[in-house]
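What follows is each chain in one-letter form.
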Amino acid sequence: MNKIKIGILGLGNVGRGVLKILNTNKEEIQKRSGYDIEIAKILVRDIDKNRGIDVQKEILTVNPDDILEDDSIKIVIEVIGGVHPAKEYILKAMKNKKHVVTANKMLLATEGDALYDAAEEEGVMFYYEASVAGGIPIIHAINESLTANKIEQLIGIINGTTNYILTKMTLEKMNFKDALKEAQNKGFAEADPTSDIEAYDAMYKLAILSSLSFGTKINVDDIYREGITKIEPIDIEFAREFGYIIKLIAIVKETETGLEMRVHPAMIPERHPLASVNDSFNAIFIKGNAVGDIMLYGRGAGDLPTGSAVVADIISILRGSVDVSAISTVKKNFWDRKINSMDKTRSEYYVRITVKDLPGVLGEISMIFGNEGVSLLSVMQKGKREECVTVVYFTHLANEGMINSAIEKIKNSKYTKSVDNIIRIENIQ
Ligand code: HSE
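- The name that an unreviewed UniProt entry assigns to the protein chain is Homoserine dehydrogenase, with the source organism given as Clostridium felsineum.
- The UniProt entry for the protein chain carries this comment under Cofactor (unreviewed entry): "a metal cation".
- One UniProt comment on the protein chain, placed under Catalytic activity (unreviewed entry), says "L-homoserine + NADP(+) = L-aspartate 4-semialdehyde + NADPH + H(+)".

Next comes the structure, spelled out in structure tokens:
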């Protein structure tokens, strides 16, 4: 049996998952890769920390060069996360002719180019399946299985924490704060949950998926991003009354005016398969011009699901089954795409406002929508003879620019107390 030495940068949740899988599935991995994998060194911050996993102290190191400069180590696994020093470590590993596997979405989304270039220049393999949607083989699907297609649209639930929170709000009628607390207690959300709840995590993942699906370099600033913090139980109730479920969706599609990329909460039809993706699960729905619709569903986070993707990448490298040049070629052949401005985006909208309960109010607000060219589908007022009432409007398809102008005017109406929420409706089939 051939032997291969690997080094792991980081021993957090994902690193531990990788160790567990390499250990538990040792025999299968040997058979499938043809190699006996030896973990030569693991970079940690504190050698003495108790990690709740059986690992020999001798293989732990605080010096990255014990891995990056060791010629006997052929594959480096980067699972420390963040842009720096992960980027420098990966570049050094590649320079020293090591193949690299990473789970680092932020790094790929913001600095992917430098890494692809270095991999190509050094002739090493570079894999990153775990960077998006944990255990779901979405990168492989796009880069390999669906590569005969022109991808027309990709829409997904790619953040487990927010999906868990919204599920609790929908099924158990929790408010956002309590649902977030529960997500933190369960270990889904971090102590500082900003990256998940403000949709940065999903934005980075969408940048990677968009880039690979549409063969173009993506600047994360071109992605519209909105988190879930403004969603209230009342919005979930109204959505339900109209046959929708609220999810944080990531969407990329080709339109006549350019590529459209956005991450935001949206109402989706309750009968659509994505609507029943609950708890911390992820799912990605892809429309290819040859394959039609496909959906991938699974765990987007966690030590074993993410470790599953990392170890699969290691095995791919050992098999040499997919030549790295395949990935680099995708990159080299990137072509420029026009990016749609958010103003031109078309959606249906739900607008919830609080207005004074006086004669002519509904008429005036409806007129504002009409004057901006926004056609209304439905209006509903709730309230019990109070001074102010809640009114929700459901619109037909409209440009975001038109909606924004209408909202500005509604805010300035003497009848309006507050514009409380605006949620896009994606009537996906
Ligand atoms: N925090 C992410 C999520 C997992 O909740 O989906 C890692 O990307």
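1. With respect to the side chain of Thr 170
In step 1: Note on placement: Thr 170 falls in helix H7 (residues 160-171).
In step 2: Note on Thr 170: relative accessible area 10%, which makes it buried.
In step 3: Looking at Thr 170, its side chain comes within polar contact range of the main-chain oxygen of Leu 166, at 2.7 Å.
In step 4: With residues near it in sequence (within four places) discarded, Thr 170 still touches Ile 236, Arg 240 and Ile 245.

2. Considering the site of the ligand
In step 1: Every residue near the ligand is listed here: Lys 105, Asn 159, Gly 160, Thr 161, Asp 196, Asp 201, Lys 205 and Ala 301.
In step 2: Taking Thr 161, its side chain carries an N or O atom lying 2.5 Å from an oxygen atom of the ligand.
In step 3: Across the complex, the protein chains shield 81% of the 260 Å² of accessible surface that the ligand would expose by itself.
In step 4: Assessed atom by atom at 2 Å from the grid points, the ligand resides in the largest pocket.
In step 5: Contributing elements (two or more residues each) for the shell around the ligand: H7 and helix H10 (200-214).
In step 6: Considered class by class, the residues forming the shell around the ligand number one nonpolar, three polar and four charged.

3. Description of the pattern of salt bridges
Should their charged atoms come close, side chains of opposite charge can pair.
In step 1: Scanning all chains against the criterion turns up 28 salt bridges.
In step 2: The closest approach of N and O atoms between Asp 235 and Arg 352, which form a salt bridge, is 2.6 Å. Remark: Arg 352 occurs in strand E13 (residues 346-356) and Asp 235 occurs in helix H11 (residues 233-241); sequence separation between them is 117 residues. The same class applies to Asp 235 and to Arg 352, which are both buried.

The rules behind the values
- Residues numbered from 1 in each chain as written.
- Predicted model: local features only at pLDDT ≥ 70, side-chain atom pairs only at ≥ 80, totals over all residues.
- Heavy atoms only, no water.
- UniProt positions renumbered as here; feature names shortened; annotations may be inferred.
- Helix = DSSP H or I, 4+ residues; strand = E, 2+ residues; numbered from the N terminus.
- Buried < 20%, exposed > 50% of the residue type's maximum accessible area, 1.4 Å probe, protein only.
- Polar contact = N/O pair within 3.5 Å; in protein donor to acceptor, adjacent residues only side chain to side chain.
- Contact = heavy atoms within 4.5 Å.
- Near = heavy atom within 4 Å.
- Areas by Shrake-Rupley, 256 points an atom, 1.4 Å probe, with all protein chains shown as cover.
- 1 Å grid on protein atoms, 1.4 Å probe; cavity = no way out; pocket = protein on both sides within 12 Å on 5 of 7 lines; lining within 4 Å.
- Sits in = over half its atoms within 2 Å of the grid points.
- Nonpolar A, V, L, I, M, F, W, Y, C, P; charged D, E, K, R; others polar.
- Salt bridge = Lys/Arg side-chain N within 4 Å of Asp/Glu carboxyl O.

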